[in-house]
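Chain by chain, the residues run as shown.
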Amino acid sequence: MIRRPPRSTQSRSSAASDVYKRQNPDNKDALFFIGSLYRDNGDTSGAVEALTKLIKLDSKYARAHHSLALAYLERGDLELALKHLDEETKLDPQNDEAFTDRADVHIQLANYEKAEADLRRATQIQRDKWRPYLLYAQMAFAKEEYDKAKENLNQVLRIKPDSVEANILMGRVLVAEKDTSAARGWFETVVDYLKKLKNPSFRFRKLMAEAQTSLGEIDLLEDSPRSAEARFREALDFIPDYAPAFNKIGDVRRRLANEQASPADRTALLNEALQYYAKAIEANPRDPNFYLSLAILSLIHI
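Given the structure is predicted, the values throughout are model-derived calculations rather than measurements.

A word on unusual backbone geometry. Phi is positive for Ala 110, which is not a glycine, with a value near 65°. Along the polypeptide, Ala 110 turns up in the loop between helix H6 (96-108) and helix H7 (112-125). Looking at Ala 110, the relative accessible area reads 44%, which means it is partly exposed.

In structure tokens form, the structure reads like this:
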């Protein structure tokens, strides 16, 4: 059961700017603080700028490599994220979070043996933390080992009962097992929980967008495209450039086009689908699935 957490802080961009003005622009600790605040608030460009400057001043500043890697990970620059996590683990070999985050990158690159090695190292350094179990679950999910994924998610929820990420992944596992009714319950629990937050952080806004998009995907599976589109648009209310929601709205427009008897209406809806697929690519040009959606529809549209 998810419990309501303490009220989250307000937007941090202005705070970062104020700190920057007050501190010497070459102050390493100030640059780290600013870069981390930008990253926490979803401003990856600002984070990369500040943290790159810091590393140029001091290449041995371990936490800067870690924070910069997380900014690159947020942007989908996996190789750059891996480069800085490699450096961070050399500089601070007792930082279990660095090994955990590097495992996350390896999972996304399908380097499962390396991911397992990093997770073992993380748990050797610090036992009974919840994130390694979450990543074991993500890896099992990627390998379609759904029982193993659920086993690890139950371990996450034992340690951290209010883990939003675990609730979302459990829902995704159940969708993969075609139990959409149970999956909907997990996603709705997340939405209900996050809606109670007043000033949610960027992280929580993104998780809300993910949960709403997942609910929309279930609506599509259950043949309710208009309800699905409403969910995808709610996701965009929280993250206006959330690429998966754009892509899924494109799917809805394409599906509705196939139901039209009028050639003019069908063409109009297909044009809208093309526009939404293009928006998804603009928001996240590193996801090949968005290009595939656009390519398939372009062939149909021709």
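Here the focus is the packing of H7 against helix H8 (residues 130-142). The packing of two helices is summarised by the inter-axis angle and the distance between the axes. H8 packs onto H7 with a crossing angle of 165° between their chain directions and a minimal axis gap of 10 Å. One element, H7, and the other, H8, form an angle in the roughly antiparallel class. As H7 packs across H8, the resulting crossing turns out to be left-handed. Residue-level inspection shows Tyr 112, Ala 115, Glu 116, Leu 119, Arg 120 and Thr 123 of H7 in contact with H8, the latter providing Pro 132, Leu 135, Tyr 136, Met 139 and Ala 142. A per-class count over the contact of H7 with H8 returns eight nonpolar, one polar and two charged.

With that out of the way, let us pick up H8. The end-to-end C-alpha distance of H8 is 19 Å, a good match for the 18 Å that 13 residues give at a rise of 1.5 Å each. For H8, the tally of buried residues reaches ten of 13 residues, placing the bulk of the element in the interior. All of the buried residues in H8 are Trp 130, Arg 131, Pro 132, Leu 134, Leu 135, Tyr 136, Ala 137, Met 139, Ala 140 and Phe 141. Where the residues of H8 are buried, they touch H6, H7, helix H9 (146-159) and helix H10 (164-176). Trailing H8 by a residue or two, Glu 144 shows a phi angle of about 65°, which is positive.

Before going further, it helps to examine the packing of aromatic side chains. The full count for this structure, using the stated rule, is three aromatic pairs. Between Phe 141 and Tyr 146, the ring centres sit 6.0 Å apart and the planes meet at 50°, which makes this aromatic pair tilted. The cationic tip of Arg 63 hangs over the ring face of Phe 32; the distance from NZ or CZ to the ring centre is 4.5 Å. Positioned above the aromatic ring of Phe 204 is the side chain of Arg 203, whose terminal nitrogen or guanidinium carbon lies 4.7 Å from the ring centre.

Per the counting criterion, the structure on display carries 23 salt bridges. Across the pair Arg 286 and Asp 77 runs a salt bridge, and its minimum N-O distance is 2.4 Å. With Arg 286 in the loop between helix H15 (263-283) and helix H16 (288-301) and Asp 77 in the loop between helix H4 (62-75) and helix H5 (78-91), this pair connects stretches of sequence that are 209 residues apart. Overall, the relative accessible area of 41% leaves Arg 286 in the partly exposed class.

Each value, and the rule that gives it
Residues numbered from 1 in each chain as written. Predicted model: local features only at pLDDT ≥ 70, side-chain atom pairs only at ≥ 80, totals over all residues. Heavy atoms only, no water. Helix = DSSP H or I, 4+ residues; strand = E, 2+ residues; numbered from the N terminus. Buried < 20%, exposed > 50% of the residue type's maximum accessible area, 1.4 Å probe, protein only. Axes fitted to C-alpha atoms, helices over the stretch in contact; angles between N-to-C directions. Parallel < 35°, antiparallel > 145°, perpendicular 65-115°, else oblique. Left-handed = near helix turned anticlockwise from the far one by under 90°. Contact = heavy atoms within 4.5 Å. Nonpolar A, V, L, I, M, F, W, Y, C, P; charged D, E, K, R; others polar. Expected span 1.5 Å × (residues − 1). Phe/Tyr/Trp six-rings, centres within 6.5 Å; stacked < 30°, edge-to-face > 60°. Lys NZ or Arg CZ within 6 Å of the ring centre and 35° of its normal. Salt bridge = Lys/Arg side-chain N within 4 Å of Asp/Glu carboxyl O.

Everything listed here is a matter of coordinates, which is why it stays silent on function.
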